[in-house]
Protein chains: 2
Amino acid sequence: MIGMTATGTIVCCTEVGPALAGRDAERIATVFKALGDPTRVKLLSLIAASDAGELCVCDLTEPVGLSQPTVSHHMKVLVDAGLVHREQRGRWAYYRPTTEVLEDATRTLIDS
Amino acid sequence: MIGMTATGTIVCCTEVGPALAGRDAERIATVFKALGDPTRVKLLSLIAASDAGELCVCDLTEPVGLSQPTVSHHMKVLVDAGLVHREQRGRWAYYRPTTEVLEDATRTLIDS
DNA sequence: ACTTCAGATCGACACATGTCAATATGACGG
DNA sequence: CCGTCATATTGACATGTGTCGATCTGAAGT
């Protein structure tokens, strides 16, 4: 926006609405940051596209071509961001996507 | 998924659909990574919420409390990700959000 | 042309992040 | 209980990232 001071100088800056609160911005950034890595994008898409709607780590290491600890680490990031839900059944850990979190983050970012 | 080998051993892993192609995953990750920082979340929300639908750098430094070079750097990241459009008018550079990119990334991630 | 002003780029620094091998944990089967 | 299997955690390392001060680039105005 272009305005003008009392002396006639053209200025650009005008007052602007308040930014998102710091905590909100950090919460939203955490969600997006979790998806800011190609490996985690692949992992989530694999789970979302699976027939059963859930997969365990052993299903995931081979498609992404990374070691088991690395996949485990990435899954923890996705869980901490609230993007997937972890359920232990016997020896295996099953992961299922929770799509609302991504939708909420996007809405909060755009609407407010 | 739980299956069983010819010898009767219970196994977990079954074949699974192919992951997103590497380039698609990287393209999507670039978009989300750009939003994976609280400062950039604030910047985009400030622009999206502004009355004119666009803002210049001088409007943005004060709300986020960072130096001009740092804000400039963050805006470049957002532009490179395709999340905002940059237009030079006179001395000022105006930024406007391009929401389709975020929607597309989300859709590609979830649907395929 | 010289100055001023908005914004971008550069160089440097501290800190975060992705990766792996090695090890720990915890569940199941014999 | 003892071994095995699936997964998590730890420690280490290279690379990436956010930030700033200093400087460069261009556009107006005088």
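Because the structure is a prediction, the values reported are computed rather than measured. (Residues numbered from 1 in each chain as written. Chains lettered and ligands numbered in written order. Predicted model: local features only at pLDDT ≥ 70, side-chain atom pairs only at ≥ 80, totals over all residues. Heavy atoms only, no water.)

Undergrad: Which parts of the structure should I look at to understand the overall build of chain A?
TA: When its secondary structure is counted, chain A shows 5 helices and 5 strands. Listing each helix as α and each strand as β along chain A from the N terminus yields β-β-α-α-β-α-α-β-β-α. Relative to its full complement of 112 residues, chain A shows a buried share of 39%. Sequence separation of 24 or more characterises 47% of the internal contacts of chain A that already satisfy a separation of 6 or more. Summed over its atoms, the accessible surface of chain A is roughly 5,900 Å², and 52% of this surface lies on carbon and sulfur atoms. (Helix = DSSP H or I, 4+ residues; strand = E, 2+ residues; numbered from the N terminus. Buried < 20%, exposed > 50% of the residue type's maximum accessible area, 1.4 Å probe, protein only. Contact = heavy atoms within 4.5 Å. Areas by Shrake-Rupley, 256 points an atom, 1.4 Å probe, with all protein chains shown as cover.)

Undergrad: Help me understand the sheet that holds strand β3 (residues 55–56) of chain B, please; the structure alone is not making it clear to me.
TA: To summarise the sheet geometry, strands pair through backbone hydrogen bonds and adopt either a parallel or an antiparallel arrangement. All names here are of chain B. The strand order across the open sheet built from 3 strands is β3-β5-β4, with neighbouring strands paired in antiparallel fashion. Taken across any chain shown, the strands that pair with only one partner, and hence form the sheet edges, are β3 and β4 (84–89). Strand direction decides the pairing type here: β4 and strand β5 (residues 92–97), joined by 6 bridges, are antiparallel. Note that in β5 the partner of V84 across the bridge is P97. This element, helix α2 (residues 38–49), spans β3, β4 and β5 of the sheet and lies at about 90° to β5. (Pairing = 2+ DSSP bridges. Axes fitted to C-alpha atoms, helices over the stretch in contact; angles between N-to-C directions.)

Undergrad: Can you walk me through the protein's contact with DNA strand C in this structure?
TA: Not every one of the 23 residues close to DNA strand C is listed here, only the nearest: T70(A), H74(A), S72(B), R86(B) and Y95(B). For DNA strand C, the fraction of protein-proximal atoms (within 4 Å) that sit in sugar or phosphate groups is 71%. Backbone polar atom of V57(B) to a phosphate oxygen of DNA strand C: 3.4 Å apart, as the coordinates give it. Residue Y95(B) places a side-chain N or O atom 2.6 Å away from a phosphate oxygen belonging to DNA strand C. Counting only elements with at least two residues in the surface near DNA strand C, the list comes to α2 (38–49) and α4 (68–80) of chain A together with α3 (57–64), α4 (68–80) and β5 of chain B. (Near = heavy atom within 4 Å. Polar contact = N/O pair within 3.5 Å; in protein donor to acceptor, adjacent residues only side chain to side chain.)

Undergrad: How should α2(B) be read in this particular structure?
TA: One turn of an α-helix holds 3.6 residues; hence residues three or four places apart share an orientation. Residue and element names in this part refer to chain B. For α2, spanning 12 residues, the distance from its first C-alpha to its last is 16 Å, which sits close to the expected 16 Å at 1.5 Å a residue. Within α2, 9 of the 12 residues are buried, which leaves it mostly tucked inside the rest of the structure. Sitting at the head of α2, D37 places a side-chain oxygen 2.9 Å from the backbone nitrogen of T39. (Expected span 1.5 Å × (residues − 1).)

Undergrad: Would you explain the protein's contact with DNA strand D in this entry?
TA: Around DNA strand D sit 24 residues in total, of which S72(A), R86(A), Y95(A), T70(B) and H74(B) are the nearest. Across the atoms of DNA strand D situated within 4 Å of the protein, the share located in sugar and phosphate is 72%. V57(A) places a polar main-chain atom, nitrogen or oxygen, 3.4 Å from a phosphate oxygen of DNA strand D. At 2.6 Å, a side-chain N or O of Y95(A) approaches a phosphate oxygen of DNA strand D.

Undergrad: What exactly am I supposed to notice about the nonpolar core here?
TA: Across soluble globular proteins, nonpolar side chains have a tendency to be buried as a group. Core analysis: the largest hydrophobic core is formed by 56 residues, its most contacted members being F32(A), M75(A), F32(B) and M75(B). Aside from chain neighbours lying at most four places away, what touches F32(B) is F32(A), K33(A), L35(A), G36(A), L102(A), L102(B), A105(B), T106(B) and L109(B). (Core = buried A, V, L, I, M, F, W, Y, C linked by side-chain atoms within 4.5 Å.)

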